[in-house]
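Inside the fold
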Amino acid sequence: MKYRELGRTGWKVSEISFGAWAIGSSWGSVEDKDSIAALHKALDLGVNFFDTADVYGDGRSERLLAQLKKERKENFFIATKAGRKLNPHTAEGYNKKNLTEFVEINLKNLNTDCIDLLQLHCPPTQVYYMPETFSVLDELTKEGKIKYYGVSVEKVEEAIKAIEFPNVQSVQIIYNIFRQRPAELFFNEAKKKKVGILARLPLSSGMLTGKMTRKTNFEDEDHRKFNRNGEAFDKGETFSGVDYDLSLDVVELLRPLVPHNISMTKFALKWILMNDAVTCAIPGAKNIIQAEENFTISELPAIPAEVMNSVQKIYEEKIKRSVHHYW
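The notes below deal with the structure included here.

Analysis parameters
- Residues numbered from 1 in each chain as written.
- Predicted model: local features only at pLDDT ≥ 70, side-chain atom pairs only at ≥ 80, totals over all residues.
- Heavy atoms only, no water.
- Salt bridge = Lys/Arg side-chain N within 4 Å of Asp/Glu carboxyl O.
- Helix = DSSP H or I, 4+ residues; strand = E, 2+ residues; numbered from the N terminus.
- Buried < 20%, exposed > 50% of the residue type's maximum accessible area, 1.4 Å probe, protein only.
- Axes fitted to C-alpha atoms, helices over the stretch in contact; angles between N-to-C directions.
- Parallel < 35°, antiparallel > 145°, perpendicular 65-115°, else oblique.
- Contact = heavy atoms within 4.5 Å.
- Nonpolar A, V, L, I, M, F, W, Y, C, P; charged D, E, K, R; others polar.
- Pairing = 2+ DSSP bridges.
- Right-handed = clockwise from strand over helix to strand, strands pointing away.
- Expected span 1.5 Å × (residues − 1).
- Polar contact = N/O pair within 3.5 Å; in protein donor to acceptor, adjacent residues only side chain to side chain.
- Phe/Tyr/Trp six-rings, centres within 6.5 Å; stacked < 30°, edge-to-face > 60°.
- Lys NZ or Arg CZ within 6 Å of the ring centre and 35° of its normal.

Quick look at the pattern of salt bridges now. A side chain of one charge can pair with a side chain of the opposite charge when the charged atoms of the two come close. Summed over all chains, the structure comprises 25 salt bridges. For the salt bridge of Lys97 with Glu101, the shortest nitrogen-to-oxygen distance reads 3.0 Å. A residue pair is termed a helical-turn pair when its members lie 3 or 4 positions apart in one helix, as Lys97 and Glu101 do in helix H3 (residues 96-110) at four residues. Using a relative accessible area of 38% as the deciding quantity, one classes Glu101 as partly exposed. As a salt-bridge pair, Glu164 and Lys161 come within 3.2 Å of each other at their nearest N and O atoms. Within the structure, one salt-bridge network assembled from shared partners comprises Asp44, Arg72 and Glu74.

Okay, here's the thing in structure tokens:
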């Protein structure tokens, strides 16, 4: 495993870290015993940074990470999120009273007295024009409830606005072969300000594993079935906002570019790490097998420039019109 600096925290975090949405909810059935085994395997493989949220299984994901902390002696970082418990989910809800209450829930679920990294959880765009919200985060930091804070965003423009606030240490954003716009402008701005970048949905909801077909079935509680058109939350969170059938077609165009001795999963994750602005990619893992596949990327050789150019061409010709100007 290789490690990269996260913002101005002084932390060195694993360049492939653990996204813990799937072990909480919305990705089909998963057994806690399998999830905790995957978490242990990730630590064994050098992962030292885990991303979760209060709404992933209503605290289930956070509680599993608290269990991991209890069972292991190694030091590792846990980033969590707050805000999506709001109903309705409005900008006005991101106030001192609510954020303070949410943080107390995070602390309880994680069985800790201080959160390593708290992220606003894809708030409405207006929140980034509410400095009072970020002042609340500063207060929570001074009180010792959180060490650092960042944001998780849907849109590039939100990311650019967020890093105007001086104490934002990280931005979590969708970045993968199907969602390349963050690299055009935002990544350079983040590097200038030494803001960490967490690349979420790195495998485009599993599409970039190359294992899905038109006959793949998803369980009713899997967002890949119930949110393809944004029925429950932002459409871009499911298959990166790209039509399922189109995604399958483009995967077949990508397949010849993947070296014969590695999987498409590893290729897609390595593609993300080719950009040095990225602090880490955060794939999930619901079991040991997925953990072994997803967290053993660092030793792979760099992707040749001509292959990177071919991926870019496929994106420009087949995917860009579906996503580029939406997020």
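The next subject is the packing of helix H2 (residues 60-71) against H3. Close contact between H2 and H3 brings their axes to 7 Å; oriented N to C, the two are set at 45°. It follows that H2 is oblique to H3 by the angle criterion. When H2 is examined against H3, the residues Glu62, Arg63, Leu65 and Ala66 are found in contact with a partner set consisting of Asn106, Asn109 and Leu110. Grouping the amino acids of the contact of H2 with H3 by side-chain chemistry returns three nonpolar, two polar and two charged.

Another point: the pairing of strand S5 (residues 77-82). Taken across its six residues, S5 has six buried, putting it largely inside the fold. Neither face of S5 is open: one carries Phe77, Ala79 and Lys81, the other Ile78, Thr80 and Ala82, and all of them are buried. Where strand S4 (residues 49-51) meets S5, three bridges bridge the pair, whose relative direction is parallel. Looking at the pairing, Phe49 lines up with Phe77 of S5. Handedness of the crossover is the feature at issue here: the chain leaves S4, passes through H2, returns alongside S5, and the resulting connection is right-handed. Bridge count for S5 against strand S6 (residues 115-121) is four bridges, and the pairing is parallel. The partner of Thr80 across the bridge, within S6, is Leu118. You can see the chain leave S5, run along H3 and come back into S6, and the turn it takes is right-handed.

Among the five residues in strand S9 (residues 196-200), five count as buried, and that is most of the element. Taken together, the five bridges between strand S8 (residues 168-174) and S9 define a ladder with parallel strand orientation. Bridged to Ile173 within S9 is Ala199.

Let us look at H2. Relative to the 16 Å expected for 12 residues at 1.5 Å per residue, H2 spans 17 Å between its end C-alpha atoms, a close match to the ideal helical length. Buried residues along H2 sit against helix H1 (32-44), S4, S5 and H3.

Let us now look at the side chain of His324. Checked against the element boundaries, His324 lands in the segment after helix H11 (305-323). Polar contacts involving the side chain of His324 include one to the side chain of Tyr315, which spans 2.6 Å.

Quick look at the environment of Lys2 now. Its location among the elements puts Lys2 in the segment before strand S1 (3-5). Put simply, Lys2 and Ser14 are 12 residues apart on the chain and 5.9 Å apart in space, counted from C-alpha to C-alpha. With residues near it in sequence (within four places) discarded, Lys2 still touches Val13, Ser14, Glu15 and Ser298.

The subject of this paragraph is the packing of aromatic side chains. One pass over the full model with this rule turns up 18 aromatic pairs. Here the aromatic rings of Trp21 and Trp27 are separated by 5.2 Å at their centres, their planes lie at 90°, and the arrangement is edge-to-face. Between Phe50 and Phe76, the ring centres sit 5.2 Å apart and the planes meet at 65°, which makes this aromatic pair edge-to-face. Highlighted residues: Phe50 in strand S4 and Phe76 in the loop between H2 and S5, separated in sequence by 26 residues. By relative accessible area, Phe50 is classed as buried at 0%. Within the aromatic cluster, the residues linked to one another by ring pairs are Trp21, Trp27, Tyr56, Phe226 and Phe233. Lying over the aromatic face of Tyr129, Lys161 brings its terminal NZ or CZ to 4.9 Å of the ring centre. Taking NZ or CZ as reference, Arg228 lies 4.2 Å from the ring centre of Tyr244, over its face.

Once that is clear, we can look at the sheet that holds strand S7 (residues 146-152). Read across the sheet, eight strands follow the order S3-S4-S5-S6-S7-S8-S9-S10 without closing on themselves; strand pairing throughout is parallel. Only two strands of the sheet have a single neighbouring strand rather than two, namely strand S3 (18-19) and strand S10 (280-281).

Along the chain, the position of Val30 falls in the loop between S3 and H1. Separated by 256 residues in sequence, Val30 and Lys286 have C-alpha atoms that sit 6.6 Å apart. Excluding anything up to four places from it in sequence, Val30 contacts Ala22, Ile23, Ser35, Arg60 and Lys286.

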